[in-house]
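Structure at a glance
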Amino acid sequence: MDVLHPRLLVSAFAECFAFYDAVLPELLGASLVKGDPDGPYAHWDVGSEGVLSMLDRDLMPEAAGALPVNAAAQDRVMLVSRVADVDRAYAVCLAHGGRSVTEPADRPGWGVRAAHIRDPEGNLVEFQSY
């Protein structure tokens, strides 16, 4: 299970894909699990643990509704955690000072249930189950 890993939100997807697809296997022994240079999504694992995922930044306004459409103003990274219960994770975060970005929702196109919050510092966090 992917406990917690970073997701890079990139504008130059093909170039970033080529870079990480070259360095992650050599440096960490990571394997590409999903994705290709055409994007918009890719992720690498070491064993069964997620190490890094990458998403085209242009998709973030659709994915997490409250983000600006202008890619230059968007986040460049978010933390992603696979959890057993997205609704519970979302509620726990809000109870401890997190701010809602998107409420828990099924995302059939992604094959996940997901929610987005911001921590007290404003960092973007995604909880997902699949």
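This prediction gives the protein a mean pLDDT of 86; 90% of its residues lie at or above 70. Mean pLDDT per element in the protein: helix H2 (residues 60-63) is the minimum at 71, and strand S2 (residues 31-34) is the maximum at 96.

We now examine the pattern of salt bridges. Within the structure shown, the criterion is met by 4 salt bridges. Here Arg113 makes a salt bridge to Asp87, at a shortest N to O gap of 2.8 Å. Taken together, the positions of Arg113 in strand S7 (residues 112-118) and Asp87 in helix H3 (residues 86-95) put the pair 26 residues apart, joining distant regions of the chain. Classification of Arg113 by relative accessible area gives partly exposed; the value is 22%.

All right, on to H3 then. Every buried residue of H3 is accounted for by Val86, Ala89, Tyr90 and Cys93. Looking straight down H3, one finds that the buried residues subtend no more than 100° of arc, so they occupy a single side. Every exposed residue of H3 that faces more than 90 degrees away from the buried side is listed here: Arg88 and Ala95. Where H3 is buried, its residues touch strand S6 (99-107), S7 and strand S8 (124-129). Two or three places before Asp87, at the opening of H3, Asp85 has a side-chain oxygen 3.1 Å from that residue's backbone nitrogen. Just past H3, the residue Gly97 takes up positive phi, approximately 100°.

Before going further, it helps to examine the packing of aromatic side chains. This model, assessed by the stated rule, comprises 3 aromatic pairs. Taking 4.8 Å as the distance between ring centres and 85° as the angle between the ring planes, the aromatic pair formed by Phe19 and Tyr20 counts as edge-to-face. One aromatic cluster is present, formed by Phe13, Phe17 and Trp44 through successive ring pairs. Directly above the ring of Tyr130 sits Arg82, whose terminal nitrogen or CZ lies 3.9 Å from the centroid.

Criteria and thresholds
For every chain, the first residue of the written sequence is number 1, and numbering continues from 1 onward in sequence order. Totals for whole chains, interfaces and linings use all residues, but because this is a predicted model, local features are given only for residues with pLDDT of at least 70 and pairs of side-chain atoms are given and counted only at 80 or more. Only hydrogens and water are removed before side-chain values are computed, so all heavy atoms of the structure are retained for them. Per residue, pLDDT measures the predictor's confidence, with a range of 0 to 100. Only DSSP runs of H or I with at least four residues qualify as helices, and only runs of E with at least two residues qualify as strands; both kinds are numbered from the N terminus onward. Whenever Lys or Arg places a side-chain nitrogen within 4 Å of a carboxyl oxygen from Asp or Glu, that contact is recorded as a salt bridge. To sort residues, take the accessible area from a 1.4 Å probe on protein chains only and compare it with the maximum for the residue type: under 20% means buried, over 50% means exposed, and anything in between is partly exposed. When we speak of the arc, we mean the arc of directions from the helix axis to the C-beta atoms. Contacts are residue-level and defined by heavy atoms, with any inter-residue pair within 4.5 Å sufficient. Distance and chemistry together define a polar contact, namely a pair of N or O atoms within 3.5 Å, with one atom able to donate a hydrogen and the other to accept it when in protein, and with adjacent residues in sequence counting only for side-chain atoms on both sides. Side-chain rings of Phe, Tyr and Trp, where Trp is taken by its six-membered ring, are said to pair if the distance between their centres is within 6.5 Å; with planes under 30 degrees apart they count as stacked, over 60 as edge-to-face, and otherwise as tilted. Criterion for a charge above a ring: Arg CZ or Lys NZ at most 6 Å from the ring centre, at most 35 degrees from the ring normal.

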